[in-house]
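Take a look at the letters that make up each chain.
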Amino acid sequence: MAVNPSIITRDLDKIAAPTGNLYESIHVIGQRAKQISSTMKEELNSKLSEFASTVDNLEEVFENKEQIEISKFYERMPKPSTLAMEEFVEGKIYSRHPDLDIEE
């Protein structure tokens, strides 16, 4: 069984350091991964919508090579969670507590 080279061991102390809590850091990373995933999905759907057709003819049934190449490109891209983790470790993600920002 081959191991994916993108899988690396992370130092949990470094992940917890920016927020002071490992679980909070993972939550921030997860929220950023959702944003990245949503953006990637919108991009893919907009590119694939160019190939959408309301009429099914014999030519449309055969595989469209451009459409397949676009899909394969997005499949080869790093996963959103990996991108979010890298951004977090590099300090590119800003997070805050909305309830703590309210002054009474």
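Being a predicted model, the structure only gives us computed values, none of them experimental.

Thresholds applied
- Residues numbered from 1 in each chain as written.
- Predicted model: local features only at pLDDT ≥ 70, side-chain atom pairs only at ≥ 80, totals over all residues.
- Heavy atoms only, no water.
- Helix = DSSP H or I, 4+ residues; strand = E, 2+ residues; numbered from the N terminus.
- Contact = heavy atoms within 4.5 Å.
- Areas by Shrake-Rupley, 256 points an atom, 1.4 Å probe, with all protein chains shown as cover.
- Axes fitted to C-alpha atoms, helices over the stretch in contact; angles between N-to-C directions.
- Parallel < 35°, antiparallel > 145°, perpendicular 65-115°, else oblique.
- Nonpolar A, V, L, I, M, F, W, Y, C, P; charged D, E, K, R; others polar.
- Left-handed = near helix turned anticlockwise from the far one by under 90°.

Student: Can you tell me about the overall build of the protein chain, naming the residues and giving the values?
Tutor: Within the protein chain one finds 6 helices and 0 strands. The order of α-helices and β-strands along the protein chain, N terminus first, is α-α-α-α-α-α. Summarising the internal contacts of the protein chain: among those between residues at least 6 apart in sequence, 64% fall at separations of at least 24. Of the roughly 8,900 Å² of accessible surface on the protein chain, 54% is carried by carbon and sulfur atoms.

Student: Quick rundown of the packing of helix H2 (residues 22-49) against helix H4 (residues 65-76)? Include the residues and the values.
Tutor: Each packed pair of helices is defined by two parameters, the angle between the axes and the distance between the axes. Two elements in contact, H2 and H4, have axes separated by 10 Å at closest approach and are oriented at 170 degrees. Relative to H4, the element H2 lies roughly antiparallel. Of H4, the residues touching H2 (which contributes Met40, Glu43, Leu44, Lys47 and Leu48) are Gln67, Ile70, Ser71 and Tyr74. Split by residue class, the contact of H2 with H4 holds 5 nonpolar, 2 polar and 2 charged.

Student: How would you sum up the environment of Phe88? Please name residues and give values.
Tutor: Following the sequence through the fold, Phe88 ends up in helix H5 (residues 80-89). Considering only alpha carbons, one finds Phe88 and Val28, 60 residues apart in sequence, at a separation of 8.3 Å. The contact partners of Phe88, leaving out residues within four places of it in the chain, are Ile15, Pro18, Thr19, Ser25, Val28, Ile29 and Ile93.

Student: Explain the packing of H2 against H5 residue by residue, including any values.
Tutor: Between H2 and H5, the shortest axis-to-axis distance is 8 Å and the interhelical angle comes to 125 degrees. In this view, H2 runs oblique relative to H5, as classed from their interaxial angle. Both H2 and H5 take part in a crossing whose hand is right-handed. Along its contact with H2, which presents Ser25, Val28, Ile29, Arg32, Ala33, Ile36, Ser37 and Met40, the element H5 presents Pro80, Ser81, Leu83, Ala84, Met85, Glu87 and Phe88. Per-class residue counts for the contact of H2 with H5 are 10 nonpolar, 3 polar and 2 charged.

None of this, on its own, says anything about what the molecule does.
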